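Here is how the chains run, residue by residue.
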Amino acid sequence: MPSTLYILLSFLIASAFGFVFPTIPTTHQSTKLFSSTSSTTTSSSSMSISTMDLLSCLVDAARHGSLTIRRLSDEARSGNVQFKEEGDARSALTIADTAAQKVIVSSLLSKYSNLHIVGEEDESVAVDPASKVELDDTLLSRCEFYLPPSVGEVEEPPSELDVNEIVVYVDPLDGTREFVEGRLDNVQSLVGLCWRGRPLMGAIGLPFGVSSAENSTEVVFGLVGRGIGKVCTKKTSDGGAIQSCPLPAMKRYHQGDAITVSTGDSSSIRPAIEVAEAVFGKQVVVHQVVGACGNKLLRVACGNTTLAVQHDKTSLWDTAAPTAVLHSVGGYVTDYFGEPLIYTRDNPVLGNKLGVVSSAPGAKQAHLKLVKAMRGDKKILSPILEKFGLAFEDGSNQCVDIVRDLDGHPLPASYFADHMKEDVTTYSCPESEAVRGLMSNACRVHLRPSGSTVFYKRVVFARLDHARAKMTSAPHKLVRDVRSYKVETSFLASEACSSVIEKAGLSIPKCYDATLLPDDSIPLESKFSVLLEDFSPSDGWSQRWLLDSEEECRATLTTFAKMHGFFWSGSSFWNDTDAAKELEAGVWESASYVQPKLQTLNQCENVAKGWETSRLKCQKELEGFSYWDNLGERLQSVAAENGREAHPFAESDVSEKYYKYRTFTHGDPKQANLFFRSTEDGSKVGLIDFQWAGFGLAATDIAHFISAAVRADLLVDGGEESLLRYYYDELQTNLVEYGAFGSIEDANTQFSYEVFREQYETGVLDMCRLVIAYAWSRFEPVDKDDAMGCARTMNKNSYNKSMPNVIWLMSRCDDILTSRGV
């Protein structure tokens, strides 16, 4: 979906839902080390630049940088060579480096005076009038882009770029060591542009390209979403002609192909090579030693190398341009541990301190396999991450790709010490205790020396495939998801949460820290992190595949009865005006993941269609029931109105009727959001994940819990009725205890069991609407005795993994519809 259309659609949806995303500044403020931004008469806050014009100028700048290198080649290599680091040949600096940077930077800043440029040779990131040339912003109008068919559907790049959202990285002469040593085919001039922290376009100048004549240069360029191309400058009598020229042969890796791995000749890279050899075994047929960072990445882009592994001494200017080119053809670039390189505008660390791994088009799975192994290798982890306080323990893989701030930097031990208010010298984050979900990643962090644990949750939507899919298929859901993380952190940090923990004895994780960076214009750019109290196994907490104990079901119902009673309309809580206002402002006006307005558009109109297709997954088990032929059609006939009744506070014309029953609800009370701990007084229940929390009906919350979390054999033969009666009695007690009513008799009169039961059945029908029209697409039946299957489906609801629960739920749907004359 084009970016402008996506932004407009997201805005309209957000406006329709009443979503508001306050701007919350990042907690990581930093200064630029090497950059230049000259003054301009045009306000940088409003300046946009044509994407294609800017790419043309980057290509032309790289071309002129390459011509400068070629012109000064003999003089530079025979003259005085300096070294930035004494004794390190890789730090060589020649007159060609500085002259090429002056040409590139001066020319770009003359064209775009407020462009933010970061250059390797920092002393020359300024306009030198004698070096600048007039850049041709129409150059690429004469060239073609090549987008390999295997890349598949891609998002079009924006037609214009806000100057405040871009950074240009310049390495005027990449491969100076190779240049000095005469290995000229490794030498490149790199100009890359990053937009919103990600490489978008790049120009790789080849002063001594393999197809170049004596007085010519080549530039390979790429634009993510459009593909790559190549221009050549051929010397003519009038100074030179620029023309499009053929790309080198492009190869794609296919599963099972032999794997080639390229590296430099540094001894520090040896552990990574050993990991690759251990992971791929005999499939690795060639280990190539290749010079220069950009050269390695270009070889990967062309498919001449499957994987390239580079040490932790490269810099952003080395990788920005070739990464954009590689991404343009479907390649992949990360650090050693699987996270993108960090190109945020104010990044104070210009080096790729966590190493670089790149993979050819088609080789992403091999790439992920390699970096996963690297997360478990002490020789790689320790030298790089010990400085942050990571303790490598027992040879276990560490999820160091998760325990990072929102810019991508590993969290230091001091972060945990500051927020936990305890001494923390080291920490570990075992992969075995990580949760990698569709819409978030999280892990348990073990702190030393105390031995305590904490739970860290990190959400970077742009890094999640499921979020990217939503961007095109259901953008309103991405808008919804952004708000859901704001809701969760707002509630956990609220006085209301503290109050219900203290006064009602609920177990809800304490929030130690939260960083929220919502983007209301492009939700995919939103980022969130939260540091929470951990319900740790070491403290006796555990979870269930489904609740199979009546005692634990009752303990859970008691917990919900306390929460619902505590916040019921008219309870004592509402006497605290400030806490009440804070809660109202921070959570969903109409709660629940199931709520129709928060689901796929027109879902209520797709129930019959969903039944026709989804029921086939359960044909053997369901076709003998009388409702086999028409359940979907019957439910669809009442689905829209039923949804309004189940979630009345989403509709102004319905909410007044139900306001006296209004309370705070969890909104997603599935078993995956419940923890249990045995105590002398019985089971203690912990509640997590308040993304969908807000105001609703207690009966709807309980319908969700019964339908999604409880084993079917506890619901048959009067089991459901017994649990409902138990909850109702517990709720009545808590309604009186927390001041909503003066006596049990008053509570029974104002909210009778018959009213509760009717609201509950409406909630069950609403759950069935979601299941049939949407959720069954993920149905994976698993037997309760299948240990591996249960582990794999731990986070799924009952109706998506248990056939007995499907039979129970569909039969209840039929019963309720029949009782209502449908």
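Check the entry above for the structure.
What comes next is a walk through the structure. If you're wondering where the values come from, they're calculated on a predicted model, not measured in any experiment. Residue indices follow the written sequence of each chain, beginning from 1 at its first position. pLDDT decides what is reported in this predicted model: residues at 70 or higher carry local features, side-chain atom pairs at 80 or more are listed and counted, and totals for whole chains, interfaces and linings draw on all residues regardless. Hydrogen atoms and water are omitted, and side-chain values are computed over all heavy atoms in the structure.

### A look at the overall build of the chain
Phase 1: Runs of E in the DSSP output that reach at least two residues are strands. Runs of H or I that reach at least four are helices, and both are numbered from the N terminus. Looking only at helices and strands, the chain has 26 helices and 26 strands in total.
Phase 2: Working definition: with a 1.4 Å probe on protein chains only, accessible area under 20% of the residue-type maximum means buried, over 50% means exposed, and in between means partly exposed. Expressed as a percentage of the 822 residues in the chain, the buried residues total 58%.
Phase 3: Surface summary for the chain: the accessible area is close to 32500 Å², and the carbon and sulfur share equals 49%. For the accessible areas, the method is Shrake-Rupley and the probe is 1.4 Å, while residue cover comes only from the protein chains on display.

### A look at the pattern of salt bridges
Phase 1: Between Lys or Arg on one side and Asp or Glu on the other, a salt bridge is scored when a side-chain nitrogen of the former is within 4 Å of a carboxyl oxygen of the latter. As enumerated under the stated definition, the model contains 45 salt bridges in all.
Phase 2: Of the charged contacts, one joins Arg-196 and Glu-165 as a salt bridge, the two residues approaching to 3.2 Å between their closest N and O atoms. Of this pair, Arg-196 sits in the loop between β7 (188-195) and β8 (198-206) while Glu-165 sits in the loop between β5 (160-162) and β6 (166-174); the two residues are 31 residues apart in sequence, bridging distant segments of the chain.
Phase 3: What makes Arg-196 partly exposed here is its relative accessible area of 22%.
Phase 4: Given a relative accessible area of 27%, Glu-165 falls into the partly exposed group.
Phase 5: Connected through shared salt-bridge partners, Glu-720, Glu-721, Arg-725, Arg-757, Glu-761 and Arg-812 make up one network.

### Here we look at the state of the cysteines
Phase 1: When two cysteine sulfur atoms lie within 2.5 Å, the pair is treated as a disulfide. In total, this model carries 1 disulfide according to the counting rule given.
Phase 2: Between the sulfur of Cys-232 and that of Cys-245 lies a disulfide, 2.1 Å long from S to S. Since a negative S-S torsion denotes a left-handed disulfide, the Cys-232-Cys-245 link at about 85° is right-handed. Of this pair, Cys-232 sits in strand β10 (residues 227-234) while Cys-245 sits in the loop between β11 (241-244) and β12 (259-263), and the two are 13 residues apart along the sequence. The exposure classification of Cys-232 matches that of Cys-245, with both residues buried.

### Details of a negative patch on the surface
Phase 1: Candidate patch residues must exceed 30% relative accessible area and have no salt bridge, after which like charges are joined if within 9 Å and Val, Leu, Ile, Met, Phe, Trp or Tyr side chains if within 5 Å. A residue counts as positive if it is Lys or Arg and as negative if it is Asp or Glu; His and the chain ends are not included. To locate a charge, take NZ of a lysine, CZ of an arginine, CG of an aspartate or CD of a glutamate. Taken together, the side chains of Glu-495, Glu-502, Asp-576, Asp-578 and Glu-582 make up a negatively charged region of the molecular surface.
Phase 2: Positionally, Asp-578 belongs in helix α16 (residues 577-586).

### Here's the deal with the packing of helix α15 (residues 550-566) against helix α21 (residues 698-709)
Each pair of packed helices gets described by two things: the angle between the helix axes and the distance between those axes.
Phase 1: Fitting a line to C-alpha atoms yields each axis, with helices limited to the stretch in contact; the angle taken between N-to-C directions then spans 0 to 180 degrees. Viewed as axis vectors pointing N to C, α15 and α21 meet at an angle of 155°, and their least axial separation amounts to 11 Å. Between α15 and α21, the crossing angle belongs to the class labelled roughly antiparallel. α15 and α21 meet at a crossing whose hand is right-handed. For the pair α15 and α21, the contacting residues are Cys-553, Thr-556, Leu-557, Phe-560, Met-563 and His-564 in the first and Ala-698, Asp-701, Ile-702 and Phe-705 in the second. When describing relative orientation, an angle under 35 degrees is termed roughly parallel and one over 145 degrees roughly antiparallel, while 65 to 115 degrees is termed roughly perpendicular and anything else oblique. By convention, the crossing between two helices is left-handed when the near helix turns anticlockwise from the far helix through less than a right angle, and right-handed when the turn is clockwise. Every residue pair with non-hydrogen atoms within 4.5 Å of one another is taken to be in contact.

### Details of the packing of aromatic side chains
Phase 1: Only centres within 6.5 Å qualify two rings of Phe, Tyr or Trp (six-membered ring in Trp) as a pair; their planes then separate them into stacked at under 30 degrees, edge-to-face at over 60, and tilted for everything else. Inspection of the entire model under this criterion finds 38 aromatic pairs.
Phase 2: Both rings, one in Trp-574 and one in Phe-695, keep their centres 6.0 Å apart while their planes meet at 40°; by these two values the pair is tilted. Here Trp-574 is found in the loop between α15 and α16, whereas its partner Phe-695 is found in strand β26 (residues 694-697), with 121 residues between them in sequence.
Phase 3: Looking at Trp-574, the relative accessible area reads 21%, which means it is partly exposed.

### Topic: helix α22 (residues 719-737)
Phase 1: End to end, α22 covers 27 Å across 19 residues, agreeing with the expected 27 Å (1.5 Å per residue, within 8%).
Phase 2: Restricting attention to buried positions, one finds in α22 the residues Gly-719, Glu-720, Leu-723, Leu-724, Tyr-727, Tyr-728, Leu-731, Gln-732, Asn-734 and Leu-735.
Phase 3: Those residues of α22 hidden inside the fold are in contact with α15, α21, α23 (744-750), α24 (753-773) and α26 (803-819).
Phase 4: Phi for Gly-739, located one or two positions after α22, is positive at around 85°. Expected helix span is given by 1.5 Å per residue-to-residue step, counting one fewer step than there are residues.

### Description of the sheet that holds strand β15 (residues 332-334)
Phase 1: Taken in spatial order, the 5 strands of this open sheet run β13-β12-β14-β16-β15, and their pairing is mixed. Pairing within the sheet leaves two strands with one partner each, and these edge strands are β13 (284-289) and β15. Direction aside, the axes of adjacent strands within the sheet are offset by 15° on average.
Phase 2: Paired strands are those between which DSSP finds at least two bridges. Of the pairings in the sheet, the one linking β12 to strand β14 (residues 307-310) comprises 2 bridges and is parallel in character. Residue pairing for β14: Ser-262 is matched across the bridge by Ala-308.
Phase 3: Packed onto the sheet, helix α6 (residues 270-280) meets β12, β13 and β14 and runs at close to 165° relative to β13.
Phase 4: Packed onto the sheet, helix α7 (residues 293-302) meets β12, β13, β14, β15 and β16 (356-359) and runs at close to 160° relative to β14.

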